[in-house]
Amino acid sequence: MMLAELTAAERHRVVAGTFTDRVRAARAWDAAAPVPGWTARDVVGHLVEWFPGFLAGGAGLELPRGPGVAEDPVAAWQTQADAVQAVLDDPATPGRAFTNPHIGELPLDQAVDRFYTTDVFMHTWDLARATGQDDRLDAGYAALLVTGMEPMEELMRASGQYGPRVPVPAGADAQTRLLGFIGRDPSWTA
């Protein structure tokens, strides 16, 4: 089954699993990452730091906290990945509401999928590039994301979450188009 066809819980399991593989194999945590000013450790730190507050503020859920990313990025990530998976595996989650003044109300599983799992998917490339690992993303899901994001480009850029679009060659594959859209130089190397 294609990544785009999975449930929110199944997609997180796959996407977080791939990111977990990259986290476990990383050796150079202070290596530069494709996000200006970030290191490999900062990629993990970003995911571990923003999402708990987002979830608590929108759904009143508190995730268990692991060690800090500075002391143990692998354990920090694993604690969060397991906690998010437990939330998504809970049969009550699709019936719970997530409310945010900027996005309105969504079922909790959809909010996690749309904002968090997608972020993990995109940052997998950042961590892989920073640490010299396999940086291939699922082509079908990358195509789905970039196609869905392009009509909202002005809104997304105004959020400050994405850098300026990086031009890519005409006919570029979906991963390259997605990376360029979110402000990454697809040819970036450490």
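Residues numbered from 1 in each chain as written. Predicted model: local features only at pLDDT ≥ 70, side-chain atom pairs only at ≥ 80, totals over all residues. Heavy atoms only, no water.

A. Fine view of the pattern of salt bridges. A complete count under the given rule lists 8 salt bridges for this structure. Of the charged contacts, one joins Arg136 and Asp134 as a salt bridge, the two residues approaching to 2.6 Å between their closest N and O atoms. The exposed category is assigned to Arg136, whose relative accessible area is 62%. When salt bridges with common partners are traced through the structure, they connect Glu150, Glu153 and Arg165 into a single cluster. (Salt bridge = Lys/Arg side-chain N within 4 Å of Asp/Glu carboxyl O. Buried < 20%, exposed > 50% of the residue type's maximum accessible area, 1.4 Å probe, protein only.)

B. Structural context of the environment of Leu144. Relative to the assigned elements, Leu144 resides in helix 5 (residues 139-149). By relative accessible area, which is 47% here, Leu144 ends up partly exposed. Taking C-alpha positions, Leu144 is 28 Å from Ala190, a pair spaced 46 residues apart along the chain. (Helix = DSSP H or I, 4+ residues; strand = E, 2+ residues; numbered from the N terminus.)

C. Quick look at the pairing of strand 2 (residues 104-107). Pairing analysis gives 4 bridges linking strand 1 (residues 97-100) to strand 2, with the strands arranged antiparallel. The residue of strand 2 that forms the bridge with Ala97 is Pro107. (Pairing = 2+ DSSP bridges.)

D. Local environment of the packing of aromatic side chains. Applying the stated criterion across every chain yields a total of 9 aromatic pairs. Aromatic side chains Trp50 and Tyr116 sit 6.2 Å apart centroid to centroid with 55° between the ring planes, which places their arrangement in the tilted category. A residue pair is termed long-range when its members are at least 10 positions apart, and Trp50 in helix 2 (residues 40-59) and Tyr116 in helix 4 (residues 108-131) qualify at 66 residues. Of the residues examined, Trp50 reaches a relative accessible area of 23% and is grouped as partly exposed. Through successive ring pairs, a cluster of aromatic residues spans Trp50, Phe51, Phe54, Phe98, Phe115 and Tyr116. (Phe/Tyr/Trp six-rings, centres within 6.5 Å; stacked < 30°, edge-to-face > 60°.)

E. Examining the side chain of Thr118 more closely. Looking at the element boundaries, Thr118 is found in helix 4. Setting aside residues no more than four positions away along its own chain, Thr118 makes contact with Asp113, Tyr141 and Leu145. (Contact = heavy atoms within 4.5 Å.)

F. Spotlight on the packing of helix 1 (residues 8-25) against helix 3 (residues 73-89). Where helix 1 meets helix 3, the closest approach of the two axes is 10 Å, and the angle between their N-to-C directions is 175°. The angle between helix 1 and helix 3 falls in the class roughly antiparallel. Contacts between helix 1 and helix 3 pair Ala8, Ala9, His12, Arg13, Ala16, Phe19, Thr20, Val23 and Arg24 from the former with Pro73, Val74, Trp77, Gln78, Ala81, Val84, Gln85, Leu88 and Asp89 from the latter. (Axes fitted to C-alpha atoms, helices over the stretch in contact; angles between N-to-C directions. Parallel < 35°, antiparallel > 145°, perpendicular 65-115°, else oblique.)

G. Inspection of the layout of surface pockets at higher detail. Approximately 1300 Å³ is the volume found for the largest pocket. Around the largest pocket, the lining is made up of 35 residues, and of these Arg114, Phe115, Met156, Gln161 and Tyr162 lie nearest the centre. Elements with a minimum of two residues in the lining of the largest pocket: helix 2, helix 4, helix 5 and helix 6 (153-158). When residues in the lining of the largest pocket are grouped by element, the largest group, 8 residues, is from helix 4. If you add up the space inside the second largest pocket, you get close to 170 Å³. Lining of the second largest pocket is provided by Met1, Met2, Leu3, Val14, Val15, Thr18, Arg22, Phe121, Thr124, Arg136, Leu137 and Asp138. Among the elements that take part in the lining of the second largest pocket, helix 1 stands out by supplying 4 residues, more than any other. Here the residues of the lining of the second largest pocket are counted per class, giving 7 nonpolar, 2 polar and 3 charged. (1 Å grid on protein atoms, 1.4 Å probe; cavity = no way out; pocket = protein on both sides within 12 Å on 5 of 7 lines; lining within 4 Å. Points joined across faces, edges and corners; volume = space filled by probe spheres on them. Nonpolar A, V, L, I, M, F, W, Y, C, P; charged D, E, K, R; others polar.)

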